[in-house]
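Tertiary structure, described
For reference, the chains in residue letters:
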Amino acid sequence: MEVLDSGIIASGKKVKEFEEKFAQYVGSRYGTAVSSGTTALHLALLACGIGPGDKVITTPFSFIATANSVLYCGGEPVFCDIEEDTFNIKTESIRALLEKEKGVKAILVVHLFGLCCAIEEIAALAREYNVLLIEDCAQAHGAAYKGKRAGSFGKAGIFSFYPTKNMTTSEGGIVLTDDEKVCEKVSLLRNHGMPGEYEHTVLGYNFRMTDVAAAIGLGQLEKLDDFIASRRSNACFLDEHLGKLPGIKIPHIPSSDYYHVYNQYTIRALHDREGLMRTLKENGIGNKIFYPALIPHQPLYKERGIDKGEYPVAAKTAKEVLSIPVHPALKEEDLKRIVETIGEYSKLKA
Ligand SMILES: *Cc1c(COP(=O)(O)O)cnc(C)c1O
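Residues numbered from 1 in each chain as written. Predicted model: local features only at pLDDT ≥ 70, side-chain atom pairs only at ≥ 80, totals over all residues. Heavy atoms only, no water.

**A look at helix α6 (residues 119-129)**
Considered for burial, the residues of α6 that qualify are I119, I122, A123, L125 and A126. For α6, the arc enclosing every buried residue in end-on projection is 155°, short of the 170-degree limit, so these residues lie on one face. Pointing more than 90 degrees away from the buried face of α6 are the exposed residues R127 and E128. Looking at the buried positions of α6, the neighbouring elements they touch are α5 (91-100), β4 (104-110), β5 (132-136) and β6 (144-145). Immediately downstream of α6, the backbone of N130 shows phi near 55°, a positive value. (Buried < 20%, exposed > 50% of the residue type's maximum accessible area, 1.4 Å probe, protein only. Helix = DSSP H or I, 4+ residues; strand = E, 2+ residues; numbered from the N terminus. Arc of directions from axis to C-beta. Contact = heavy atoms within 4.5 Å.)

Following this line, the structure appears as structure tokens:
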């Protein structure tokens with residue numbers, strides 16, 4: 001209301017305040033807020049110097065925006081298989097690609113569903129092969145590895161504030177970095193490549209965040225830790241009651257070094273996923289497959305001939321995963337109904 005009453009609703013001091021507070025929360029030096037997670041990815045890659053012909057190693061099992069951002073820059077995504085138990089990109093497969101492929105400029109990791117990937121090992125690989133590490137943290141606000149938050153490991157980290165994420169600004173995104181030059185480039189590109197008034201030095205865009213969105217973000221940021229605590233406690237209940245059911249695999253956390261923030265609670269349904277989805281739907285329980293098809297298997301990628309590799313683990317995963325409710329608005333009776341419904345289904349199938 002303060003922003004609306006001020007009459008100054010475009011990008012202004014709320015955006016600045018939000019950038020500083022969010023960067024501080026994650027543990028990065030600079031934050032540049034933009035219009036979405038997708039535009040954050042696009043500008044982060046451009047600011048890191050990704051351009052025509054550059055290869056970027058990334059995961060085939062993510063939302064399309066991850067790999068599309070490489071295409072926006074004229075680069076080539078090189079897809080790498082994932083780990084069976086965490087759904088995240090697999091370190092040894094990245095190493096194999098770094099050995100095989102020429103012209104790799106960056107590794108773009110995703111901390112999928114709110115769990116950090118093997119970020120320490122992957123950061124070491126990036127150093128060893130002298131390539132950039134960029135983090136897509138669109139699903140990982142507050143996620144951490146050994147107490148260090150997702151988005152603070154790579155050259156740049158991006159977040160989305162779309163309403164389905166762990167916090168929102170309606171639409172919005174941010175690029176975090178410790179590198180002043182990257183920060184400057186992102187802010188230049190975000191606003192028509194305009195360092196001074198009506199002086200345009202590079203081909204920029206209008207990817208700005210508004211003060212209205214930033215004000216929502218400031219309110220949400222104050223609640224983020226509570227949102228995460230609810231998600232974790234809901235996940236804990238689901239783990240306890242679904243963990244021993246036949247035919248169901250609950251989310252796996254490699255060790256206590258990983259702080260999972262459960263943007264999604266994603267199980268593997270080993271038999272008849274369609275049947276489980278039907279049963280949940282009949283009982284009024286929301287559920288969704290993230291993601292039913294691998295990015296390289298999408299028509300756009302097929303058509304462009306980008307589907308070169310083999311990703312057997314990712315392909316199997318896409319056939320088994322199912323995300324069920326874990327959001328902070330769930331009540332105890334909702335959680336009970338979820339586990340009872342899945343429990344009955346699992347008995348029928350066993
Ligand atoms: C949501 C999401 C994005 C895109 O963010 P938008 O704000 O919707 O543009 C990118 N990557 C991943 C992994 C996402 O989940």
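Still to come is the rest of the account.
**A closer look at the nonpolar core**
Ranked by size, the top nonpolar core spans 47 residues in total, and within it F22, I57, I94, I107 and I122 carry the most contacts. Secondary structure elements with two or more residues in this core: α2 (13-26), α5, β4, α6, β9 (173-177) and α8 (211-242). Excluding residues that lie within four positions of it along the chain, I122 makes contacts with I89, T91, I94, I107, V109, C117 and L133. Counting residues in hydrophobic clusters, the runner-up holds 43 residues, among them F79, Y262, M277 and V321. (Core = buried A, V, L, I, M, F, W, Y, C linked by side-chain atoms within 4.5 Å.)

**Side note on the sheet that holds β5**
Pairing between sheet strands relies on hydrogen bonds along the backbone, with the strands arranged either parallel or antiparallel. If you trace the seven strands from one edge of the open sheet to the other, you get β1-β9-β8-β5-β4-β2-β3, paired in mixed fashion. Here the strands that pair on one side only, and so sit at the sheet edges, are β1 (30-34) and β3 (76-79). Ignoring which end each strand starts from, the neighbouring axes of this sheet average 25° apart. The pairing of β4 with β5 spans five bridges and is classified as parallel. Counterpart to A106 in the pairing with β5 is L132. In the packing of helix α3 (residues 37-47) onto the sheet, contacts are made with β1, β4, β5, β8 (156-160) and β9, and the angle to β8 comes to roughly 165°. On top of the sheet, α6 reaches β4 and β5; it is set at about 150° to β5, its chief contact. (Pairing = 2+ DSSP bridges. Axes fitted to C-alpha atoms, helices over the stretch in contact; angles between N-to-C directions.)

**Quick notes on the site of the ligand**
Among the 16 residues in the neighbourhood of the ligand, the closest are listed as G37, T38, Q139, S160 and K165. A distance of 2.8 Å is found between a nitrogen atom of the ligand and a side-chain nitrogen or oxygen belonging to D136. Within the contact set of the ligand, an oxygen atom lies 2.7 Å away from a side-chain nitrogen or oxygen of K165. Protein contacts shield 93% of the accessible area of the ligand, which totals 380 Å² for the unbound molecule. In this structure the site holding the ligand corresponds to the largest pocket. At the level of elements, α3 and α4 (64-72) are the ones that each hand at least two residues to the shell around the ligand. In terms of residue count, α3 provides more of the shell around the ligand than any other element does, three residues in total. Here the shell around the ligand is composed, by residue class, of six nonpolar, eight polar and two charged. (Near = heavy atom within 4 Å. Polar contact = N/O pair within 3.5 Å; in protein donor to acceptor, adjacent residues only side chain to side chain. Areas by Shrake-Rupley, 256 points an atom, 1.4 Å probe, with all protein chains shown as cover. 1 Å grid on protein atoms, 1.4 Å probe; cavity = no way out; pocket = protein on both sides within 12 Å on 5 of 7 lines; lining within 4 Å. Sits in = over half its atoms within 2 Å of the grid points. Nonpolar A, V, L, I, M, F, W, Y, C, P; charged D, E, K, R; others polar.)

**Considerations on the packing of aromatic side chains**
Summed over the entire model, instances satisfying the criterion amount to 15 aromatic pairs. Taken together, a centroid distance of 6.3 Å and an interplanar angle of 80° make the contact between F79 and Y311 edge-to-face. Within this pair, whereas F79 is found in strand β3, its partner Y311 is found in the loop between α10 (299-303) and α11 (312-320), the two being separated by 232 residues in sequence. The pair formed by F79 and Y311 is uniform in burial state, with each residue classed as buried. Put simply, the rings of F18, F22, Y25, F159 and F161 touch in pairs and so form one group of aromatic residues. Seen from the ring of F153, K148 lies directly overhead, with NZ or CZ sitting 5.0 Å from the centre. (Phe/Tyr/Trp six-rings, centres within 6.5 Å; stacked < 30°, edge-to-face > 60°. Lys NZ or Arg CZ within 6 Å of the ring centre and 35° of its normal.)

**Focus on the layout of surface pockets**
If you add up the space inside the largest pocket, you get close to 680 Å³. What lines the largest pocket is a set of 33 residues, and nearest its centre among them are T164, K165, N263, Q264 and F290. Residue assignment for the lining of the largest pocket shows that the elements contributing at least two residues are α3, α4, β8 and β13 (321-324). In the lining of the largest pocket, the residues fall into 13 nonpolar, 15 polar and five charged. When residues of the lining of the largest pocket are assigned to domains, at least three map to each of domain 1 (2-220) and domain 2 (224-349). There is about 340 Å³ of room inside the second largest pocket. Around the second largest pocket sit 18 residues that line it, and K16, E19, G31, S187 and R190 are the ones nearest its centre. (Points joined across faces, edges and corners; volume = space filled by probe spheres on them. Domains from an automatic or database assignment.)

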